[in-house]
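Spelled out, the chains give:
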Amino acid sequence: MARAARDRHSLDLVLWTPAGHPPHKPLAGGATTEERLAMVELAIAGEAGFTVSEVDTARSGPSYAIETQALLAAQYPGAEWFWLIGEDSVTELAGWYRAAELLQRCHWLIAPRIEDAAVVAMALAELKERGARFTLLPDLPVPVSSTEVRVRASQGQPLDGLVPPAVARFIHQHGLYGSSQGTTS
C-alpha cells in the first residue's frame, strides 16, 4: 500500500509514524513503544524513501492526528502532505479531533479494505462536501489487519503474507501478542 502510494504519487518521502497514545482506540497490548518502533523499522528496511518518525511516540498526551501533522509540518516546511489510510478509517475521519482543519491540510490516499461499500461511499461523499482532497487506490485491496496479526500470533499460527518475515521473527522471538518465544515463521 505504501509502495503504491509512493510510486503513483511520486512521493519523495514516506514517514511512518507509529501512534503514541491514540485517543479514539486504545493500543492493543503486547508490544512496548520501543518494540512497535523496531517492528516498523524492520518492515521498511531497505525501502527507498521510507523512514520512521518518532514525533508521535516521543510526546505525551493524546496523539491527535492534527497535532502530529503540525509537528511534522514544522520539521518539513513547505512539504505537500499526503495521508495514507484504509477505508475502515474513512468512516471515522469526519469525527477526528479538529477534522475540518486536518482535512484541508492533507491529500488523502485511501486504500481499500473489505468494508461495506455503501457506508464508505457515504463517508467519502461527506468528506468531499467538506472540501477534502482524496484519491482512491482501488486496485490495492488490503485484507490484512493488525487485529488478525495479533490473533494469529497469539495462536502460534504463521504470519506469512501478513507481515514481512523479519517482523514475524521479531514477534515470535520477543513473545509478542502471546506468541510462543522461539517460534519462527
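Residues numbered from 1 in each chain as written. Predicted model: local features only at pLDDT ≥ 70, side-chain atom pairs only at ≥ 80, totals over all residues. Heavy atoms only, no water.

A.B. asks: Even after reading the chapter, I still don't get the nonpolar core, so can you show me in this structure?
C.D. replies: Soluble globular proteins tend to bury their nonpolar side chains together. Val 90, Leu 93, Trp 96, Leu 102, Trp 108 and Leu 127 are the most contacted members of the largest nonpolar core, which totals 21 residues. Secondary-structure elements contributing two or more residues to this core are helix 3 (65–75), helix 4 (87–93), helix 5 (99–105), strand 4 (107–111) and helix 6 (117–129). Sequence-distant contacts of Leu 127, defined by excluding residues within four places in its chain, comprise Val 90, Leu 93, Ala 94, Leu 103 and Ala 132. Val 167, Ile 171, Leu 176 and Tyr 177 belong to the second largest nonpolar core, which has 13 residues in total. (Core = buried A, V, L, I, M, F, W, Y, C linked by side-chain atoms within 4.5 Å. Buried < 20%, exposed > 50% of the residue type's maximum accessible area, 1.4 Å probe, protein only. Helix = DSSP H or I, 4+ residues; strand = E, 2+ residues; numbered from the N terminus. Contact = heavy atoms within 4.5 Å.)

A.B. asks: Honestly, the pattern of salt bridges in this entry has me stumped. Any pointers?
C.D. replies: A side chain with one charge may pair with a side chain of the opposite charge, provided their charged atoms come close. If you walk through the whole model with that rule in mind, you get 9 salt bridges. Residues Glu 101 and Arg 105 are paired through a salt bridge, measuring 2.7 Å at the closest nitrogen-oxygen approach. Here Glu 101 pairs with Arg 105, and both are found in helix 5, just 4 residues apart, close to one helical turn. With a relative accessible area of 31%, Glu 101 lands in the partly exposed category. Arg 105 gets classed as partly exposed once you look at its relative accessible area, which sits at 30%. When the shortest N-O distance is used, the salt bridge between Glu 148 and Arg 152 registers 3.8 Å. Taken together, the residues Glu 148 and Arg 152, both in helix 7 (residues 146–154) and 4 residues apart, mark about one turn of the helix. Taken together, the shared-partner salt bridges connect Arg 3, Arg 6, Asp 7 and Glu 47 into one network. (Salt bridge = Lys/Arg side-chain N within 4 Å of Asp/Glu carboxyl O.)

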